[in-house]
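As a plain string of letters, each chain reads:
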Amino acid sequence: MSNVVNLRQARKVKARADKSRTADSNRAKFGRTKAERIAQGTDQARQDALLDGAYRESRRSDEA
């Protein structure tokens, strides 16, 4: 014999799970303090400058 499933309750459980998954994603994406965002931006700028300075030749494509 199979179990009887209340579809209304099953939909609600699925909706809660989807909402929880979206909330976790948003926490990871937006859940940083202003200081953390500024620090990451500074670090990224420093890494970009270091990488740009490491090229032997100009990166411009019109110089051939």
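What counts and how
Residues numbered from 1 in each chain as written. Predicted model: local features only at pLDDT ≥ 70, side-chain atom pairs only at ≥ 80, totals over all residues. Heavy atoms only, no water. Helix = DSSP H or I, 4+ residues; strand = E, 2+ residues; numbered from the N terminus. Buried < 20%, exposed > 50% of the residue type's maximum accessible area, 1.4 Å probe, protein only. Areas by Shrake-Rupley, 256 points an atom, 1.4 Å probe, with all protein chains shown as cover. Patch = residues over 30% accessible without salt bridge, like charges linked within 9 Å, V, L, I, M, F, W, Y side chains within 5 Å. Salt bridge = Lys/Arg side-chain N within 4 Å of Asp/Glu carboxyl O. Lys, Arg positive; Asp, Glu negative; His and termini not counted. Charge placed at Lys NZ, Arg CZ, Asp CG, Glu CD. Expected span 1.5 Å × (residues − 1). Polar contact = N/O pair within 3.5 Å; in protein donor to acceptor, adjacent residues only side chain to side chain.

Participant: Honestly, the overall build of the protein chain in this entry has me stumped. Any pointers?
Facilitator: Assigned secondary structure in the protein chain consists of 2 helices and 0 strands. By residue count, 0% of the 64 residues in the protein chain fall in the buried class. Surface exposure of the protein chain reaches about 6500 Å², of which carbon and sulfur atoms provide 53%.

Participant: Would you explain a positive patch on the surface in this entry?
Facilitator: Residues Arg-8, Arg-11, Lys-12 and Arg-16 make up a contiguous surface patch of positive charge. Counting through the fold element by element, Arg-8 comes out in helix H1 (residues 7-30).

Participant: I'm lost on the pattern of salt bridges in this one. Help?
Facilitator: Two side chains that carry opposite charge are able to pair once their charged atoms sit near each other. Enumeration according to the criterion identifies 4 salt bridges in this entry. Linking Asp-18 and Lys-14 is a salt bridge whose minimum nitrogen-to-oxygen distance equals 3.2 Å. With Asp-18 and Lys-14 both in helix H1 and 4 residues apart, the pair spans about one turn of that helix. Judged by relative accessible area, Asp-18 falls into the partly exposed class, the value being 29%. In this structure, Arg-46 engages Asp-43 in a salt bridge whose closest nitrogen and oxygen atoms are separated by 3.0 Å. With Arg-46 and Asp-43 both in helix H2 (residues 34-53) and 3 residues apart, this pair spans about one turn of that helix. Taken together, the shared-partner salt bridges connect Lys-14, Asp-18 and Arg-21 into one network.

Participant: Teacher, can you tell me more about H1 here?
Facilitator: End to end, H1 covers 34 Å across 24 residues, agreeing with the expected 34 Å (1.5 Å per residue, within 8%). Where H1 begins, the side chain of Asn-6 points an oxygen toward the backbone nitrogen of Arg-8, at a separation of 3.1 Å.

In short, the description is geometric, and any link to function would need to be established separately.
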